[in-house]
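Structural features, examined
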Amino acid sequence: MYCNHYGFSQKPFDVTPDPRFLYLPEGHRETLAAIIYGIKERRGFITVIGEVGTGKTTLLKAALDQLDEKISVAFIFNTDVTSYQMLIMALYEWGLIKPKEKLSKVEALRRLNRFAIEQKDRGGNVVLIVDEAQNLDNRAMENLRLLSNLETRRHKLIQIVLSGQPELDTKLNRHELRQFAQRISLRRYVFPFDEKDTYAYLHHRLQVVKDKSSSPFTDKAQKLIWEYSGGVPRKINNLCDNALLIGYGLKKNRINSAIVQEAAQDLKWPRLLDTKASSGKTQIKILLKYNNKLLKTFKIDKDEIIIGRRKSSDIHISNSTVSRQHARIINNQGNYLIEDLKSINGVYLNKVRIISRYLKNGDVINIGKHTLVVNIKTDNDKDPIHSLIKTENDKHSIHSPTKTENEKKPAHSPKGRVMMLNIERLR
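First things first, this report covers the structure right here in the doc. Predicted model, so just to flag it, every value in this text is computed and none were measured.

**Describing the packing of aromatic side chains**
For the coordinates displayed, the defined rule picks out ten aromatic pairs. Ring plane angle 85 degrees and centroid distance 6.4 Å describe the contact between tyrosine 2 and phenylalanine 8, whose orientation is recorded as edge-to-face. In this structure, tyrosine 2 and phenylalanine 8 share a single accessibility class: buried. Judged by centre distance (4.6 Å) and plane angle (45 degrees), the ring pair of phenylalanine 45 and phenylalanine 180 falls under tilted. Of this pair, phenylalanine 45 sits in strand 1 (residues 45–50) while phenylalanine 180 sits in helix 8 (residues 178–182); the two residues are 135 residues apart in sequence, bridging distant segments of the chain. Counting every residue linked through ring pairs, the aromatic cluster contains Tyr2, Tyr6 and Phe8.

Next comes the structure, spelled out in structure tokens:
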């Protein structure tokens, strides 16, 4: 609808995966290479873990585009099924079962085994990709493990890729799934973009659909997109699409920060980062506790600190439940990001396992058997830097926006209000 107005050949921020729009920062590029390598080299189980909207499915489809025709792939995206139903769905994807044909589980496994051996003899490979794998129950996981027993003396006959949210990592660390976890040969994690890659992502997608190099988004608008999205690609796309629609309705050739702010408010999104609120010098302290007893207070004055069992760690925790390099905290312009460094037992923020998440004052981090309490303040604030909000849609909302003149929802003239009513009809 707004494409002609802005001179786009197509919508630049559609949420449907399109290989032309694929943008690969370093971390995503490494994950893509690992998926392709694991499949081609018959490594067996591969896991891809990432928060919602970080691009896991896009990477899986990008990997499929780079596999040759000899590799037969079954892509399962509905995991709310039994293990038998999932097996039948996979057989159908591989063309091994006719519609409405009924097979026993034994016959289904025999048919798959014959197919995998034939593919191997022809120089091919068989791949099962399961998206949203965090929803699989223990029985389904165990059946996948047994499925991986289809092998020769030298090679795995079936390569299985599991993609899911951090809850999948939590599930794989359960004692009852230890046999499954031991078979995972490659674990890769997908993180949100940092600020620099967020701007590069915007530029890349606009470049695909627009002949001119200039962006319709002002610099301040792009800054707000980063602050509201936190670098999550799906959120970037949704926010930009809504902002362009509002700009079109208002007949604006440029998308300014007020329009982005309005789009975010329409989506009812909290502001994940607040670079304006952190304009003063930020002070962050980490209170290390064990069994509710304060062990030590760490004042963070570096751009990056390491938490781990290694003695050289900035926050050293001598406990067998803690990995040598367990996690790190990064200072991003006064906003602090905690990131799991592929630890064994994970990082829990407010009782939820996370891969990476921005911290707010009062957050409680659990690493192994220890608790770390976050205390954040600025020089120009008597109160903590970030006011806290809780919404029904997000129990772990990060920050509420600081109300400045630039951040207030723009006032509209009567004509502008009529235009906004028309926008609501367009939606």
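Now that the structure has been shown, we can carry on.
**Topic: helix 11 (residues 233–249)**
With 17 residues, helix 11 extends 24 Å from end C-alpha to end C-alpha; this agrees with the ideal 24 Å at 1.5 Å per step. The buried fraction of helix 11 amounts to 13 of the 17 residues, a majority that puts the element mostly inside the structure. One or two residues past the end of helix 11 sits lysine 251, with phi positive at roughly 60 degrees.

**Some details on the sheet that holds strand 14 (residues 356–358)**
Taking strand neighbours across the sheet as the criterion, the five strands line up as 9-8-10-11-14 in an open arrangement whose pairing is mixed. Each edge of the sheet is formed by a strand with only one pairing partner; in this case those strands are strand 9 (315–316) and strand 14.

**Describing the layout of surface pockets**
Approximately 500 Å³ is the volume attributed to the second largest pocket. Lining the second largest pocket are 27 residues, with Val15, Gly53, Gly55, Thr58 and Pro233 positioned closest to its centre. Ranked by the residues each element gives to the lining of the second largest pocket, the list is headed by helix 3 (residues 56–65), at five residues.

**Brief notes about helix 9 (residues 195–209)**
Between its terminal C-alpha atoms helix 9 stretches 22 Å, which fits the 21 Å expected from 15 residues at 1.5 Å a residue. Considered for burial, the residues of helix 9 that qualify are Glu195, Asp197, Thr198, Tyr201, Leu202, His204, Arg205, Leu206 and Val209. On its buried side, helix 9 packs onto helix 10 (219–229), helix 11 and strand 10 (327–332). Between the side-chain oxygen of the N-cap and the backbone nitrogen of lysine 196 there are 3.3 Å, and the N-cap of helix 9 in question is aspartate 194.

**Notes on the environment of isoleucine 88**
Within the secondary structure layout, isoleucine 88 lies in helix 4 (residues 83–93). Residues isoleucine 88 and alanine 108, 20 residues apart in the sequence, show an inter-C-alpha distance of 7.4 Å. The residues contacting isoleucine 88, other than those within four sequence positions of it, are Ile97 and Ala108.

**As for the packing of helix 11 against helix 12 (residues 257–266)**
Where helix 11 meets helix 12, the axes come as close as 8 Å, and the angle between the chain directions of the two elements is 115 degrees. Crossing of helix 11 over helix 12 shows right-handed handedness. Side by side, helix 11 and helix 12 meet where Leu239, Asn242, Ala243, Ile246 and Gly247 of the first sit next to Ile259, Val260, Glu262, Ala263, Ala264 and Asp266 of the second. Across the contact of helix 11 with helix 12, the residue classes break down as seven nonpolar, two polar and two charged.

**Some words on the sheet that holds strand 5 (residues 184–190)**
Taking strand neighbours across the sheet as the criterion, the five strands line up as 2-3-4-1-5 in an open arrangement whose pairing is parallel. The sheet terminates laterally at strand 2 (71–76) and strand 5, the two strands that pair on one side only. Pairs of neighbouring strands in the sheet enclose a mean axial angle of 15 degrees, with direction left out of account. Strand direction decides the pairing type here: strand 1 and strand 5, joined by six bridges, are parallel.

Scoring rules and cut-offs
Residues numbered from 1 in each chain as written. Predicted model: local features only at pLDDT ≥ 70, side-chain atom pairs only at ≥ 80, totals over all residues. Heavy atoms only, no water. Phe/Tyr/Trp six-rings, centres within 6.5 Å; stacked < 30°, edge-to-face > 60°. Buried < 20%, exposed > 50% of the residue type's maximum accessible area, 1.4 Å probe, protein only. Helix = DSSP H or I, 4+ residues; strand = E, 2+ residues; numbered from the N terminus. Expected span 1.5 Å × (residues − 1). Pairing = 2+ DSSP bridges. 1 Å grid on protein atoms, 1.4 Å probe; cavity = no way out; pocket = protein on both sides within 12 Å on 5 of 7 lines; lining within 4 Å. Points joined across faces, edges and corners; volume = space filled by probe spheres on them. Contact = heavy atoms within 4.5 Å. Polar contact = N/O pair within 3.5 Å; in protein donor to acceptor, adjacent residues only side chain to side chain. Axes fitted to C-alpha atoms, helices over the stretch in contact; angles between N-to-C directions. Left-handed = near helix turned anticlockwise from the far one by under 90°. Nonpolar A, V, L, I, M, F, W, Y, C, P; charged D, E, K, R; others polar.

So yeah, pure geometry; function would need other evidence.
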